[in-house]
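# Descriptive analysis of the structure
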Amino acid sequence: MNNLHNQALIQFRTEIRQFYIVCILNLIFAALAMGFGISFMISAILGLTAPPRPGMLIGAIATVCFGLGLSWLLSTARIFKGIKVINHQLDAEGTSITDDRITCLIVRMLTHYRDNRKTIGKMIRGCTFGGICFFSLGIGTSLEAISILSDGITFTLNNLLVIPAMLLTLGIAVVSLLSSYYFSKFVKIWDRRLLEIDESECALKKNLGLDEQ
């Protein structure tokens, strides 16, 4: 029983901590996404974008990225709030936590997930689309570092200054796509657990004859 207790605790704690960390990363990068979206929109509007980058196209993508960043931030904050409470309770009780307490926290997590399942589904689609948009934005930004002349391709100091922005934009894209993957994996695990609970409830009702009423 003690071994089963430890396995259940380790598995549950690992899942919660991973989800907690992913949520924190999403909050950080969602804020960065909004900042970059605003920055690129201003650059496009003021005509600060240099050829060969298509300013209007990048401005449109930046506007979409800003909207996604805002939605991403609000959705993640809602999910993060419940996960934070559960994670802190796990840390507070440590290895001395009882089986009943673990069960209580698992039930709380199931309730939190069930209440926010649609939001997480939207986050998966949003992260995927956001990753594609930011990847496009990063590629568009990288074009500023290249000057194509008649005698070949050259790099200037001013153009090379956009490289940090390009790398950070691509980093946001990677985090978005990885978040989409992890959230999808998380959904499969907790959907299966909800299904197992529903099947158990149906079996119990059948045994008690409640489904015939």
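Residues numbered from 1 in each chain as written. Predicted model: local features only at pLDDT ≥ 70, side-chain atom pairs only at ≥ 80, totals over all residues. Heavy atoms only, no water.

### Some remarks on the overall build of the protein
- Along the protein, the regular secondary structure elements total six helices and two strands.
- Listing every helix and strand of the protein by position from the N terminus yields α-α-α-α-β-β-α-α.
- Burial analysis of the protein (213 residues in total) assigns 38% to the buried set.
- Pairs at least 24 residues apart make up 82% of the contacts formed inside the protein by residues separated by at least 6 positions. (Helix = DSSP H or I, 4+ residues; strand = E, 2+ residues; numbered from the N terminus. Buried < 20%, exposed > 50% of the residue type's maximum accessible area, 1.4 Å probe, protein only. Contact = heavy atoms within 4.5 Å.)

### Side note on the layout of surface pockets
- By volume, the largest pocket is sized at about 160 Å³.
- Forming the boundary of the largest pocket are Ala8, Gln11, Phe12, Glu15, Ile106, Trp190, Arg193, Glu196 and Ile197.
- Where the lining of the largest pocket is concerned, the elements lending two or more residues are helix H1 (2-45) and helix H6 (163-208). (1 Å grid on protein atoms, 1.4 Å probe; cavity = no way out; pocket = protein on both sides within 12 Å on 5 of 7 lines; lining within 4 Å. Points joined across faces, edges and corners; volume = space filled by probe spheres on them.)

### Regarding the nonpolar core
- One finds Phe12, Phe19, Leu90, Met109, Tyr113, Ile120 and Phe183 to be the most contacted residues of the largest nonpolar core, which totals 40 residues.
- The set of elements that each furnish at least two residues to this core consists of H1, helix H2 (55-93), helix H3 (99-115), helix H4 (117-142) and H6.
- Top element by residues in this core is H1. It accounts for 11 residues.
- With sequence-adjacent residues up to four places away left out, isoleucine 120 is seen in contact with Phe19, Ile79, Tyr113, Phe183 and Val187. (Core = buried A, V, L, I, M, F, W, Y, C linked by side-chain atoms within 4.5 Å.)

### So, the packing of aromatic side chains
- Taken as a whole and judged by the stated rule, the model has seven aromatic pairs.
- Residues phenylalanine 12 and tryptophan 190 carry aromatic rings whose centres are separated by 6.5 Å and whose planes lie at 65° to one another, so their mutual orientation is edge-to-face. Taken together, the residues phenylalanine 12 in helix H1 and tryptophan 190 in helix H6 connect sequence positions 178 residues apart.
- Owing to a relative accessible area of 4%, phenylalanine 12 belongs among the buried residues under this scheme. (Phe/Tyr/Trp six-rings, centres within 6.5 Å; stacked < 30°, edge-to-face > 60°.)

### Describing H3
- With 17 residues, H3 ought to run about 24 Å at 1.5 Å a step, and its terminal C-alpha atoms sit 24 Å apart, in line with that.
- Within H3, the full set of buried residues consists of Ile102, Leu105, Met109, Leu110, His112 and Tyr113. Taken around the axis of H3, the buried residues stretch over an arc of 165°, which confines them to a single face. Exposed positions of H3 whose direction lies more than 90 degrees from the buried face are Asp100 and Asp115. (Expected span 1.5 Å × (residues − 1). Arc of directions from axis to C-beta.)

### Side note on the environment of threonine 119
- Along the chain, the position of threonine 119 falls in helix H4.
- Spatially, the C-alpha atom of threonine 119 lies 6.7 Å from that of serine 75, the residues being 44 residues apart in sequence.
- Each residue touching threonine 119, except ones within four places of it in the same chain, is listed here: Ser75, Arg78 and Ile79.
- At 3.5 Å, the side chain of threonine 119 and the side chain of arginine 78 are in polar contact. (Polar contact = N/O pair within 3.5 Å; in protein donor to acceptor, adjacent residues only side chain to side chain.)

### Observations regarding the pattern of salt bridges
- Scanning the model with the defined rule gives four salt bridges in all.
- Residues arginine 101 and glutamate 93 are paired through a salt bridge, measuring 2.6 Å at the closest nitrogen-oxygen approach.
- On the accessibility criterion, glutamate 93 (26% relative accessible area) is partly exposed.
- Notably, a salt bridge pairs aspartate 191 with arginine 117, separated by 3.1 Å at the nearest N-O pair. (Salt bridge = Lys/Arg side-chain N within 4 Å of Asp/Glu carboxyl O.)

### Some words on a nonpolar patch on the surface
- A cluster of nonpolar residues, Ile21, Ile24, Leu25 and Ile28, forms a patch on the protein surface that exposes about 310 Å² of accessible area.
- As for its position among the elements, isoleucine 24 is in helix H1. (Patch = residues over 30% accessible without salt bridge, like charges linked within 9 Å, V, L, I, M, F, W, Y side chains within 5 Å. Areas by Shrake-Rupley, 256 points an atom, 1.4 Å probe, with all protein chains shown as cover.)

### Side note on the confidence of the model for the protein
- In the predicted model, the protein carries a mean pLDDT of 75, and the fraction of residues at 70 or more is 72%.
- The element-level mean pLDDT for the protein is lowest in strand S1 (residues 147-149), coming to 49, with H3 highest at 86. (pLDDT = per-residue confidence, 0-100.)

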